[in-house]
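Close look at the chain arrangement
What follows is each chain in one-letter form.
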Amino acid sequence: MKILYISFSKIPSQTANSIQVMQMSKAFHENDHEIILIAKNNSKININPFDYYGLESSFKLIRINVPNIKFNWIIYTLFIIPRMFYYRPNIIFSRDSFSALIATILRFNVIFEAHSIAFGRDNLIYKLLFKMNRLKLIVVISKVLKSLILSNYPKMKKKIIVAPDAVSHSWF
């Protein structure tokens, strides 16, 4: 299966989310999926990301330079849209709610990985995203988060699963 994995993480970085997306991409590849990871470029660290994380270059990594301005999440998604059509994935796995919403509107099948309940801009985005037929699954990182999301969106019960994050403590 071809998976386009969208993350708002800066790569490379020592943040847990950047380590997690690289490890997830590796795991997808090890399970015989073709993986294309899209992440923000961290221009402050000038090293090959695969070397930085101690990984083999076993999947495609696209790093996008995004200006550090207000609403950069919209600009980031605009940079990603052409890649959605170019790669034509079987599924888009997104850790970013706005990118996930746009992908469903563009008729791509989406798995959304939620790390928090909706607040701020995400209130409206979650409401719209959770109504989309192309949203195939919601992955949350804890049972508590699943309960909180289901308290606001009970119709999502059949589409939500718990998959806790795991990061090796050797990185820290």
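For clarity, every value in this text was computed on a predicted model and none was experimentally measured.

**Focus on the overall build of the protein**
Assigned secondary structure in the protein consists of six helices and seven strands. Shown N-terminal to C-terminal, the secondary structure of the protein runs as helices and strands in the order β-α-β-α-β-α-β-α-β-α-β-α-β. Over its C-alpha atoms the protein spans a radius of gyration of 16 Å, differing by no more than 12% from the 16 Å that the globule rule assigns to 172 residues. Projected onto its principal axes, the C-alpha coordinates of the protein cover approximately 45 × 35 × 35 Å. Taken over 172 residues, the protein has a buried fraction of 44%. When the accessible surface of the protein is split by element, carbon and sulfur atoms take 55% of a total near 9,500 Å².

**With respect to the nonpolar core**
Residues M84, I92, F112, F130, L135, I138 and I149 are the most contacted members of the largest nonpolar core, which totals 36 residues. If near-sequence neighbours (up to four positions away) are discounted, I149 is found in contact with A114, S116, F130, V140 and I160. Among the nonpolar cores identified, the runner-up in size contains 19 residues, and I11, M22, L37 and F50 belong to it.

**Re the sheet that holds strand β4 (residues 91-94)**
Paired through backbone hydrogen bonds, the strands of a sheet run either parallel or antiparallel to each other. Read across the sheet, seven strands follow the order β3-β2-β1-β4-β5-β6-β7 without closing on themselves; strand pairing throughout is parallel. At either margin of the open sheet sits one strand with a lone partner, and together these are β3 (60-64) and β7 (160-162). Strand-to-strand twist in this sheet, taken as the mean axis angle between neighbours without regard to direction, amounts to 20 degrees. Sheet strands in contact with helix α4 (residues 97-105) are β1 (2-11), β4, β5 (110-114) and β6 (135-140), and its direction is about 165 degrees off that of β5. Each of β5, β6 and β7 is contacted by helix α6 (residues 143-152), which is oriented at about 160 degrees to β7, the strand it contacts most.

**What about α6?**
The complete set of buried residues in α6 reads L145, I149 and L150. Buried residues in α6, looked at end-on, bunch into an arc of 130 degrees, giving them a common side. Residues K143, V144 and S151 are exposed on α6 and point more than 90 degrees away from its buried face. Where α6 is buried, its residues contact β5, β6 and β7.

**Digging into the side chain of R95**
Turning to its location among the elements, R95 is positioned in the loop between β4 and α4. A polar atom in the side chain of R95 sits 3.3 Å from the side chain of E113. Ignoring anything within four residues of it in the chain, the contact list for R95 reads Y5, I6, S7, N17, Q20, V21, F112, E113 and H115.

How each quantity is defined
Residues numbered from 1 in each chain as written. Predicted model: local features only at pLDDT ≥ 70, side-chain atom pairs only at ≥ 80, totals over all residues. Heavy atoms only, no water. Helix = DSSP H or I, 4+ residues; strand = E, 2+ residues; numbered from the N terminus. Rg over C-alpha atoms; globule rule 2.2 N^0.38 Å. Buried < 20%, exposed > 50% of the residue type's maximum accessible area, 1.4 Å probe, protein only. Areas by Shrake-Rupley, 256 points an atom, 1.4 Å probe, with all protein chains shown as cover. Core = buried A, V, L, I, M, F, W, Y, C linked by side-chain atoms within 4.5 Å. Contact = heavy atoms within 4.5 Å. Pairing = 2+ DSSP bridges. Axes fitted to C-alpha atoms, helices over the stretch in contact; angles between N-to-C directions. Arc of directions from axis to C-beta. Polar contact = N/O pair within 3.5 Å; in protein donor to acceptor, adjacent residues only side chain to side chain.

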